[in-house]
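A look at the structure
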Amino acid sequence: MAVSVSIESVDKSFGSFQALKSVSIQVGAGELFFLLGPSGCGKTTLLRCIAGFHTPERGRIVIGERDVTGLPPHRRDTGMMFQSYALWPHMTLAENVAFGLEMRRIPKAEIKRRVMDALERVHMADRAKARPNQLSGGQQQRVALARALVIEPQCLLLDEPLSNLDAKLRLEMRLEIRRICKQVGLTAIYVTHDQKEALSIADRLAVMRDGVVEQTGTPEKVYRSPANAFVAGFIGEGNFLSGRVTQSTGDGVSVETACGTLVSTRVCSDVSPGDTVTVCVRPEAFRFERAPTGMPNRFSGRYLESVYLGEVAQHTVELRRDGGRAETVKACELNPLVGRDRCGERAELWVDPEQVIVTRG
């Protein structure tokens, strides 16, 4: 049965360095929840606090109905999948998966059944007698996942489990992890710095920076309505412009920037006329066809560079306002009709106000 996980005002320090600062997160039962952020933000420290490898100085951690803050790892009923595969090279795959059950003194017949069930879930039952050095990296990671699942944990903890795999295997395994977690009905907490990984399979995610949770929400919510410029810059690419709010209405705001006045209907912070803000325009938000009559946010400039990738063309465009300095932006053109380099050609772009994100810095 899936359980919820509650992290309540957790502080954790190492000497004078405070790694976690009053972190509070609620993970729903059966949720695949991601902790996302740059190196050193505290995400792995938080995961290790949940696992019991670190003890917080303040706050508590509740798994299901149990306060586990003071319990050792083996009494928390969690399964851990590490960045390294950590498989015993002298054991078969079945023996590796069985190890945790043997430590719990489960009857042999029950161990055999559960080991084969776990290997079946990860499509490795036919290799049960093989040894780790006979497997590819992706296959070893499947076995590591089976080992974490076989103890039937209430919560599965994953610490950057795919970072050692190549791009194709990462794509395959992240979908496989989501499939298995949903099939089994597990609550899972997954640490990564890979935004694509998080956006593609998370139910919800938390973006962390310097030991603090900057924003929590669904991938769509965090990507489309970031809480601040840091979140906007970390989740996906963005073109950032500083500006000043010149007008605010119930429908949105107008912001004066180096590229001219931008109109936005997606304001992610409370702002008033005169406030200094950050405007973010995603590269894919730029439109290259003729703008509808009366549409604001039109830009003129020239192409500095174009890279044709088949389904998309990536452009670097210099925008220059009359009498102002030039600003360079990245713009993506989906399904481009022209594949050649446009370097030096005139560029005419526009952006829907719904795609202009306004936040505080």
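This write-up is about the structure you can find in this document. (Residues numbered from 1 in each chain as written. Predicted model: local features only at pLDDT ≥ 70, side-chain atom pairs only at ≥ 80, totals over all residues. Heavy atoms only, no water.)

**Looking at the pairing of strand β20 (residues 356–359)**
Stated precisely, the cut-off is as follows: Categorising residues by exposure relies on relative accessible area from a 1.4 Å probe, with only protein chains included: less than 20% of the type maximum marks a residue as buried, more than 50% marks it as exposed, and the intermediate range marks it as partly exposed. Strands here mean DSSP runs of E at least two residues long; helices mean DSSP runs of H or I at least four residues long; both are numbered from the N terminus. A pair of strands is treated as paired once DSSP finds two or more bridges between them.
In β20, alternate side chains face the same way, and those of Val356 and Val358 on one face and Ile357 and Thr359 on the other are all buried. Pairing geometry for strand β14 (residues 266–267) and β20, over 2 bridges, is parallel. Bridging from a neighbouring strand, Arg266 pairs with Ile357 of β20. Examined bridge by bridge, strand β15 (residues 276–281) and β20 share 4 bridges and lie antiparallel to one another. Looking across to β20, one finds that Cys280 is bridged to Ile357.

**Overview of the environment of Glu176**
This is how the line gets drawn: In this description, contact between two residues means that some pair of their heavy atoms is separated by no more than 4.5 Å. Polar contacts, as counted here, are pairs of nitrogen or oxygen atoms within 3.5 Å of one another; within protein the pair requires one atom able to donate a hydrogen and one able to accept it, and residues that are adjacent in sequence qualify only if both atoms are side-chain atoms.
By the element assignment, Glu176 lies in helix α5 (residues 167–184). Linking Glu176 and Arg121, residues 55 residues apart in sequence, is a C-alpha distance of 9.7 Å. Ignoring any residue separated from it by four or fewer positions in sequence, one finds Glu176 in contact with Arg121, His123 and Arg142. At 3.4 Å, the side chain of Glu176 forms a polar contact with the side chain of His123. Among the polar contacts made by the side chain of Glu176, one reaches the side chain of Arg142 at a distance of 3.2 Å.

**Observations concerning the environment of Ile63**
By secondary structure assignment, the location of Ile63 is in strand β4 (residues 58–63). Taking the relative accessible area as the measure of exposure, Ile63 reaches 1% and is therefore buried. The spacing of Ile63 and Thr78 is 15 residues in sequence and 9.2 Å in space, taken between C-alpha atoms. Non-local contacts of Ile63, meaning those with residues more than four positions away in its chain, are made with Val3, Ser4, Val5, Ile50, Val68, Arg76, Thr78 and Gln154.

**Here we look at the pattern of salt bridges**
Defined as follows: Salt bridge, as used here: a side-chain nitrogen of Lys or Arg that lies within 4 Å of a carboxyl oxygen of Asp or Glu.
Applying the stated criterion to the full structure yields 23 salt bridges. Arg142 is the partner of Glu176 in a salt bridge, and the nearest nitrogen-oxygen pair spans 3.2 Å. With Glu176 in helix α5 and Arg142 in helix α4 (residues 137–150), the pair connects residues that are 34 residues apart, well separated along the chain. In terms of burial, Glu176 and Arg142 fall into one category: buried. Residues Arg178 and Asp203 are paired through a salt bridge, measuring 3.1 Å at the closest nitrogen-oxygen approach. A residue pair is termed long-range when its members are at least 10 positions apart, and Arg178 in helix α5 and Asp203 in the loop between α6 (195–201) and β9 (204–209) qualify at 25 residues. A relative accessible area of 25% places Arg178 in the partly exposed class. Each member of the salt-bridge network shares a partner with another, and the members are Glu110, Arg113, Arg114, Asp117 and Glu152.

**As for unusual backbone geometry**
Excluding glycine, a negative phi dihedral is what most residues carry, and trans is how most peptide bonds are arranged. Positioned with a positive phi, Arg105 is a non-glycine residue whose angle comes to about 55°. Among the secondary structure elements, Arg105 is positioned in the loop between α2 (93–103) and α3 (108–121). Judged by relative accessible area, which is 75%, Arg105 ranks as exposed.

**Overview of α3**
Worth spelling out the cut-off: Every helix has an expected span of 1.5 Å times one less than the residues it contains.
Counted at 1.5 Å a residue, the expected span for α3 with its 14 residues is 20 Å, and the 20 Å between its end C-alpha atoms agrees. Those residues of α3 that are buried are in contact with α2 and α4. Of the residues one or two after α3, His123 is the one with positive phi, at around 60°.

**Regarding the packing of α4 against α5**
So the rule is basically this: As a rule, the C-alpha atoms of each element are fitted with a line to give its axis, helices using only the stretch in contact, and angles between N-to-C directions run from 0 to 180 degrees. Roughly parallel covers angles under 35 degrees, roughly antiparallel covers those over 145, roughly perpendicular covers 65 to 115, and oblique covers all other angles. Crossing handedness: left-handed means the near helix sits turned counterclockwise from the far one by under a right angle, and right-handed means the same turn made clockwise. Residue polarity is assigned by list, with Asp, Glu, Lys and Arg as charged and Ala, Val, Leu, Ile, Met, Phe, Trp, Tyr, Cys and Pro as nonpolar; anything else, Gly included, falls into the polar class.
Remark: α4 packs on α5, axes separated minimally by 11 Å, with the N-to-C direction vectors making an angle of 20°. Judged by the angle between their axes, α4 and α5 are roughly parallel. For the pair α4 and α5, the crossing hand works out as right-handed. Contacts between α4 and α5 pair Gly138, Gln141, Arg142, Leu145 and Leu149 from the former with Leu169, Glu172, Met173, Glu176, Ile177 and Ile180 from the latter. Here the contact of α4 with α5 is built from residues that sort into 6 nonpolar, 2 polar and 3 charged.

**A few points about the sheet that holds strand β8 (residues 187–192)**
Pairing is mixed across the open sheet formed by 6 strands, whose spatial order is β6-β7-β8-β3-β9-β10. Edge strands, defined here as strands with exactly one partner in the open sheet, are β6 (78–81) and β10 (212–217). For this sheet the average axis-to-axis angle between neighbouring strands, irrespective of direction, equals 20°. The pairing of strand β3 (residues 32–36) with β9 spans 4 bridges and is parallel. Paired with Phe33 across the two strands is Arg204, which belongs to β9.

By themselves, these are just geometric observations and shouldn't be taken as functional.
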